[in-house]
Structures are given as C-alpha cells and as structure tokens.
Amino acid sequence: MLTPQERAFANRIGYKVELFDEVGEFNDVVSLPDDTSQVTKLYFTRINELGHELKEQLKGYYIYLLPRYLPGTISQYHYAITCIADNVINGKTIDEAIGCAVMTTPARFVNPIKSLVRYLILNEYNELSFDKAEEILRLEGYTANKNAYLTLFTMDEELGPFTREELRVLNEALKNEEIYIADRLILALCIQFGLRPIQLSLLKEKDFIEDAELGLCYLNVPRVKQKGGQFRREEFTKRIVDDELAVLIKRVIANNHDSYGGLSIMEPPLFFRKVQVYIKGLKGAVKHFEGVKVDEGSYRSINSQFYGEENKASYLHHNKPHNFYNRMISTTSYLPLSPRTGKPFYLTPYRFRYTVGSNAVMEGMTEEEVADLLDHSSTRCVKHYFRYTREMWELLENATAKRTEQQHFTAAWNREEDLSGNIYGKEIIELHAFTAIGKCQKEAACYLEPAVACYSCDKFCPNKEKSSHDNALISLKDRKKVVDESTSSSLSKQLDEAIAGCEAAIAYAEGVEVVNINEGSGDE
C-alpha cells in the first residue's frame, strides 16, 4: 500500500498532483491545477488496462513529465499516450501502435511521441525496436500552426489585423457604460498592448503601479515566454499606462473590492472569474453579475480543494484564459457593425496582437523592439510581421504582370529599367512643388515613401537641381512640425534623418564636398 506522500507529486508550478491510488495504479481521473484557476483532467482508465511492463514505464514517464511541463502541455502528451494505449489494447505491437498514433494527428502527436520514445529507449524498454525508434526520432517539420500567419499576410477581414476605422469604433466602445467595466478593460488592454489570454488571466491588482514621484502609472505584465522560469509569475515587462487606461483599471479594482472584498483574498486577481453565488432566499445558484457582493458564505467552487495552500489560494479566483474569448464575444452585442465588413465584429485577443505587431512595424520599430512589445523571447517569432509588406509587393507584382499599363506602373514603382513607352517614368518626385529630386538604383521592390525615406537611402542618387531639394526640404520640415505635435518618436526620427539627407543634397547641388552621397553615373 502506498502512503499519501508516495501517491502525490508536485507539478511544475507547485501543486500536489495525486497520480496513484493506494495500490499503485493510476487514478482513473488525475487533476492538474494551474495558476489560472483552470484544472486539467487526465483520464487513465484505458492506460490502466495495459500490461504490467509498459504501464510501469508509463508511471515513470508521468513522474518525469509533472515537474517539467505545464498542465496544458502534459494534456497534449497524455492524448498521444492514450492513443497508443488504445492501439496496444486492440492487439497491435508497440511499434505498430506508435506508428498508428503518429499518423492519426502528426502535427499534434509527433513531438509528444518523440519524447516518449526517447524515454523508453533510455529506460531499456525492449518491446520497442531500435529501427522504429530511429524512424520516429528522425521526423521533422510537423507543426499544428504551419499556416497560422496566413490571415496576417492576406489581411483577412475577419481574422487578420484590424483597420484604423475598426480600431476607431473599438476605442469608442471603451466609453460605453452599458458594457461591463471589466470587459471594457479587457478590450482596452488588448487594443494597447496585444496581451495574450494567459497574460490577462495571470494579472493581479498589485500589478498596477501608480508612481507619484515620477508622475506616471504602469502595469507589470507577466511574461509567458520566460527563459527557464519554473513558475507562472516570475518575469514581468513594464507597460506605461496612459491616463484613460489608468482610470479604467482603478474603476475595475474598486468594483472588485466592492463585489469580492468579503472573500479576504491576499493577492486578488485583476479579472475575477464569473462565479456562481448562493443568495439567501433563492434556490440553487445564480451567475454573478455587477453589483452582487460575494463572501465566503455565498461562494462555491468545485476546485477549492486544489487551492488550499496559502501561496496558491488567490489563483482559484482568476479568470480562465479561454473565458476571455467568451467575454469578448459577449462584448460584440454592444458594438455597431464593422465599417470594413458590414458584419458583427469578430473579436479575439490574437487579432489585437496581429494589429499591435503590424502597426509597430509601420511605425518603424526594429525586430528587437517588436519582439519585446509582444513578449517574445526571440526575434524569430516576429519576422512574419516584417515579411508581410514584402509579400504584399510580391502579390502586387503577380497580380499586375499581364496588362501593359500595369507593367509600366510596377516597373516604375520598383525602380526597374524603363520599359519602352513607359507612361510612368522613374524619376523621384518631391511632393511640395512636384519637381524631380533624383533617381533610385534599387532593383528590388521598395515600399518606402518617396522623397522622405529616399534621402536616407544609399540607393538614392540626388540630382544637382538645388531648387528641387529646397522644395523637398520645405515639405519635410512642415511634416516634421506636425509629427512632433501628434505622433510617435520613431517617425520623428525618420524625418530628422530625411531632413539631414536633404540638406546634404542641397550642399551637394551647390558644389560642396559631401560625404556618403551616391553620385551615380553620368550627369545624374
């Protein structure tokens, strides 16, 4: 007989998981608590029907998994193992069972099965042939998200980034007092920061900081892509909060204290899960709504048993990640139709992430800055945002390749050699007096703005017409004045570089020796 201590094991984030029963068999149902109030259930009925040797190997494997992986990942591994178990019970060898499981859902099962195969080989499970193990371990290139960013590249109107017009409507919704205050805050945080559902779930009230000395407010956002962190809330990024968002956060916190203050939670979440409360005089339970006060006597949760430890008690009240999708869907009933599609908005946290990432690129942020903004540990995860514009140009070229006037346009825009009879030409024109300022030697597609980015580009060959550059300088300085009053520092910096380049071109036209001017050839 196993003692309670021998039957339970700590998972990666510190919860005790009772894996075995008194006689050492897997419990029919094993619960994996998480800091998001989500409790994942694993069902072992079929695995318990396996033969002794394989089942003993799996017992060791689950003990290996628990302290290393989060509950959601273990759930994926468990599905793969259950599929293998079903095949073995139905008479297949372990080699055949593993092969069938891989073919069932390759994108989902390849990585878990490769991990299991490594474990079985290391623990000398002789029923698995070395040839089969080698075949499985060589599998590469399988992923469930192969086309995950297709909607971003194609600007899908219902799944891709939001347009400016759509964002204007969504920002107006933040002022709609008919929408539940916490749901408006969810919307606001997604618009400004593009937070993942798991980040929204993990936020606590204490993460909102008002720094009176500096005169600003900021939010400590839990990082998801942590480097080797064991627990959920070990690393944070600071996000500066504007006045309107700060007021909204403070209103939500005040509402939380009014509704949930009776629960005496040490570290309350920013977003409480909507619970069932038991009100005296009413039979059964009613869903919690704004204005209902919850206390220890009226609160019920079937998962309370997993959150008994003091350092974990508050996580029982966090809103589950998938519930943020539902809360966004409920918000759409208060919104007008999308000005882009004429249909109801389709809101998901990841659409806002696509929007934040795309807009950051358009504002001139680097890959490192976009990765930090979206909480990615590597720039590899944001390269698709930078590839987006290039792919749009490829689509443009392919779509316009047949018509003569379109060929002329594409050639001129891409700064290619003139086509015979090209009606567009290839001179770069400034936009103040519409005079030519030079030519471009760039052979590939260019999506930068003429007469702005040109002056800081090494492919630009300025001409010696001083008056043209004078006109361009007037236009650039006018734009700089407007930008300094209304928009981001990154665009202001780009204009500073363009102005410096334009002034150098003027000096060059006057015959002054200028460093790093592309003089081209001939009389350019």
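Residues numbered from 1 in each chain as written. Predicted model: local features only at pLDDT ≥ 70, side-chain atom pairs only at ≥ 80, totals over all residues. Heavy atoms only, no water.

**Points about the overall build of the protein**
Here is step 1: Check the secondary structure of the protein and you find 18 helices and 12 strands.
Here is step 2: The 524 residues of the protein split such that 47% are buried.
Here is step 3: Relative to all contacts within the protein whose residues are 6 or more apart in sequence, the contacts with residues 24 or more apart total 58%.
Here is step 4: When the accessible surface of the protein is totalled, it reaches about 27700 Å², and 50% of it is carbon and sulfur. (Helix = DSSP H or I, 4+ residues; strand = E, 2+ residues; numbered from the N terminus. Buried < 20%, exposed > 50% of the residue type's maximum accessible area, 1.4 Å probe, protein only. Contact = heavy atoms within 4.5 Å. Areas by Shrake-Rupley, 256 points an atom, 1.4 Å probe, with all protein chains shown as cover.)

**Details of helix α9 (residues 181–193)**
The α-helix winds at 3.6 residues per turn, so residues separated by three or four positions along the chain end up facing the same way.
Here is step 1: The end-to-end C-alpha separation of α9 is 18 Å, in line with the 18 Å expected for 13 residues at 1.5 Å each.
Here is step 2: For α9, the set of buried residues is Ile181, Ala182, Asp183, Arg184, Leu185, Ile186, Leu187, Ala188, Leu189, Cys190, Ile191 and Phe193.
Here is step 3: Looking one or two residues past α9, glycine 194 carries a phi angle of roughly 60°, positive in sign. (Expected span 1.5 Å × (residues − 1).)

**Description of the packing of aromatic side chains**
Here is step 1: This model, assessed by the stated rule, comprises 14 aromatic pairs.
Here is step 2: With a centroid separation of 5.7 Å and 85° between ring planes, the pair formed by phenylalanine 271 and phenylalanine 324 is classed as edge-to-face. Residue phenylalanine 271 is located in the loop between α11 (243–260) and β8 (276–277), and its partner phenylalanine 324 is located in helix α12 (residues 323–331); the two are separated by 53 residues in the primary sequence. For the pair phenylalanine 271 and phenylalanine 324, one class covers both residues: buried. (Phe/Tyr/Trp six-rings, centres within 6.5 Å; stacked < 30°, edge-to-face > 60°.)

**Quick notes on the sheet that holds strand β6 (residues 216–222)**
Here is step 1: If you walk across this open sheet you meet the three strands as β5-β6-β7, and the pairing is antiparallel. Single-partner strands in this sheet number two, and they are β5 (208–211) and β7 (236–241). Between one strand and the next, the sheet's axes are offset by a mean angle of 30°, whatever the strand orientation.
Here is step 2: Bridge count between β6 and β7: six bridges; the pairing is antiparallel. Considered in β7, the bridge of leucine 219 is made with arginine 239.
Here is step 3: Contacting β5, β6 and β7, α11 crosses the sheet at an angle of about 120° to β5. (Pairing = 2+ DSSP bridges. Axes fitted to C-alpha atoms, helices over the stretch in contact; angles between N-to-C directions.)

**Some remarks on the pattern of salt bridges**
Here is step 1: Considering all chains together, one arrives at 24 salt bridges under this definition.
Here is step 2: Two residues, arginine 46 and glutamate 49, come together in a salt bridge whose shortest N-O distance is 3.2 Å.
Here is step 3: A salt bridge links glutamate 267 to lysine 206, with the nearest nitrogen and oxygen atoms 2.9 Å apart. A residue pair is termed long-range when its members are at least 10 positions apart, and glutamate 267 in the loop between α11 and β8 and lysine 206 in the loop between α10 (197–202) and β5 qualify at 61 residues.
Here is step 4: Owing to a relative accessible area of 33%, glutamate 267 belongs among the partly exposed residues under this scheme.
Here is step 5: Connected via shared salt-bridge partners are Glu25, Lys55, Glu56 and Lys59. (Salt bridge = Lys/Arg side-chain N within 4 Å of Asp/Glu carboxyl O.)

**Thoughts on the pairing of β5**
Here is step 1: When β5 meets β6, the two strands line up antiparallel, connected through four bridges. Within β6, the position partnered with isoleucine 209 by the bridge is tyrosine 218.
Here is step 2: As consecutive antiparallel partners, β5 and β6 are separated by four residues, and within that stretch glycine 215 has a phi angle of approximately 70°, a positive value.

**Considerations on unusual backbone geometry**
Here is step 1: You will see that glutamate 124, though not glycine, has its phi angle at about 55°, which is positive.
Here is step 2: By the secondary structure assignment, glutamate 124 is in the loop between α5 (106–122) and α6 (130–137).
Here is step 3: The phi torsion at serine 264 lies on the positive side, around 55°, for a residue other than glycine.
Here is step 4: Mapped onto the secondary structure, serine 264 falls in the loop between α11 and β8.
Here is step 5: Serine 264 gets classed as exposed once you look at its relative accessible area, which sits at 63%.

**Examining the environment of aspartate 243**
Here is step 1: Of note, aspartate 243 is situated in helix α11.
Here is step 2: For the pair aspartate 243 and cysteine 217, spaced 26 residues apart in sequence, the C-alpha to C-alpha distance is 8.0 Å.

**Details of the confidence of the model for the protein**
Here is step 1: Residue-level pLDDT values for the protein average 78, and 73% of them are 70 or greater.
Here is step 2: Note that pLDDT drops below 50 for residues 412–425; the model gives that stretch 36 contacts with residues more than four away or on any other chain.
Here is step 3: Throughout residues 443–448 the model reports pLDDT below 50, and contacts reaching past four residues in sequence, or to other chains, amount to 12 contacts. (pLDDT = per-residue confidence, 0-100.)

**A few points about the side chain of threonine 332**
Here is step 1: Mapped onto the elements of the fold, threonine 332 is located in the loop between α12 and α13 (349–362).
Here is step 2: With residues up to four places along the chain from it excluded, the contact list for threonine 332 reads Phe345 and Leu347.

**Here we look at the state of the cysteines**
Here is step 1: For the structure on display, the rule yields zero disulfides.
Here is step 2: Free of any disulfide, cysteine 100 has its nearest neighbouring cysteine sulfur in cysteine 83, separated by 7.9 Å. (Disulfide = S-S within 2.5 Å.)

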